[in-house]
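Residues per chain are reported as follows:
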Amino acid sequence: MTKTSLKIGPLPDKTPQKLTVLIEPFLAAELEDYARVHSQLHGEDAAVPVLVPHMLEAFLASDSGFRKARRSLPDISRSTG
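Analysis parameters
Residues numbered from 1 in each chain as written. Predicted model: local features only at pLDDT ≥ 70, side-chain atom pairs only at ≥ 80, totals over all residues. Heavy atoms only, no water. Core = buried A, V, L, I, M, F, W, Y, C linked by side-chain atoms within 4.5 Å. Buried < 20%, exposed > 50% of the residue type's maximum accessible area, 1.4 Å probe, protein only. Helix = DSSP H or I, 4+ residues; strand = E, 2+ residues; numbered from the N terminus. Contact = heavy atoms within 4.5 Å. Polar contact = N/O pair within 3.5 Å; in protein donor to acceptor, adjacent residues only side chain to side chain. Patch = residues over 30% accessible without salt bridge, like charges linked within 9 Å, V, L, I, M, F, W, Y side chains within 5 Å. Areas by Shrake-Rupley, 256 points an atom, 1.4 Å probe, with all protein chains shown as cover. Salt bridge = Lys/Arg side-chain N within 4 Å of Asp/Glu carboxyl O. Axes fitted to C-alpha atoms, helices over the stretch in contact; angles between N-to-C directions. Parallel < 35°, antiparallel > 145°, perpendicular 65-115°, else oblique. Nonpolar A, V, L, I, M, F, W, Y, C, P; charged D, E, K, R; others polar.

**Thoughts on the nonpolar core**
Part 1 of the argument: Counting 7 residues, the largest nonpolar core is built from Ile8, Leu31, Ala35, Ala46, Val48, Leu51 and Met55.
Part 2 of the argument: At the level of secondary structure, the elements contributing two or more residues to this core comprise helix 1 (25–42) and helix 2 (48–62).
Part 3 of the argument: In terms of residue count, helix 2 provides more of this core than any other element does, 3 residues in total.
Part 4 of the argument: Each residue touching Leu31, except ones within four places of it in the same chain, is listed here: Ile23, Val48, Val52 and Met55.

Have a look at this one:
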């Protein structure tokens, strides 16, 4: 197998919150394939439900438009205190 690089590296320890989403079958299949490739590359059994939060985190971190727009949002923690 050739050396492959994925955006999601080895997984850190985190306590997740539950979120339920519905996805199309083709996307479910692609996520399963991604999990298989990730497991082969990093030698850990990473299931789709474990990987998806890291994928979302990487996506949000790479979206400069979101980061810029987010700075203009009101700080909820200050407005509820």
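Text resumes after the structure shown.
**So, the side chain of Ser39**
Part 1 of the argument: You can see Ser39 is positioned in helix 1.
Part 2 of the argument: Among the polar contacts listed, one links the side chain of Ser39 to the backbone nitrogen of Ala46, at a separation of 3.2 Å.
Part 3 of the argument: Residues in contact with Ser39, not counting those within four places in the same chain, are Glu44, Asp45 and Ala46.

**Describing the environment of Ile23**
Part 1 of the argument: Relative to the elements of secondary structure, Ile23 occurs in the segment before helix 1.
Part 2 of the argument: By relative accessible area, Ile23 is classed as partly exposed at 40%.
Part 3 of the argument: If we ignore the near neighbours within four places in the chain, the residues touching Ile23 are Ala28 and Leu31.

**Quick look at a nonpolar patch on the surface**
Part 1 of the argument: A cluster of nonpolar residues, Leu19, Val21, Ile23, Phe26 and Leu27, forms a patch on the protein surface that exposes about 520 Å² of accessible area.
Part 2 of the argument: Along the chain, the position of Val21 falls in the segment before helix 1.

**Let's talk about the packing of helix 1 against helix 2**
Part 1 of the argument: The geometry of helix 1 relative to helix 2 is characterised by a closest axis approach of 10 Å and an angle of 90° between their N-to-C directions. Taken together, the axes of helix 1 and helix 2 lie roughly perpendicular to each other. The residues of helix 2 that touch helix 1, namely those facing Leu31, Glu32, Tyr34, Ala35 and His38, are Val48, Leu51, Val52 and Met55.
Part 2 of the argument: The class makeup of the residues in the contact of helix 1 with helix 2 is 7 nonpolar, 1 polar and 1 charged.

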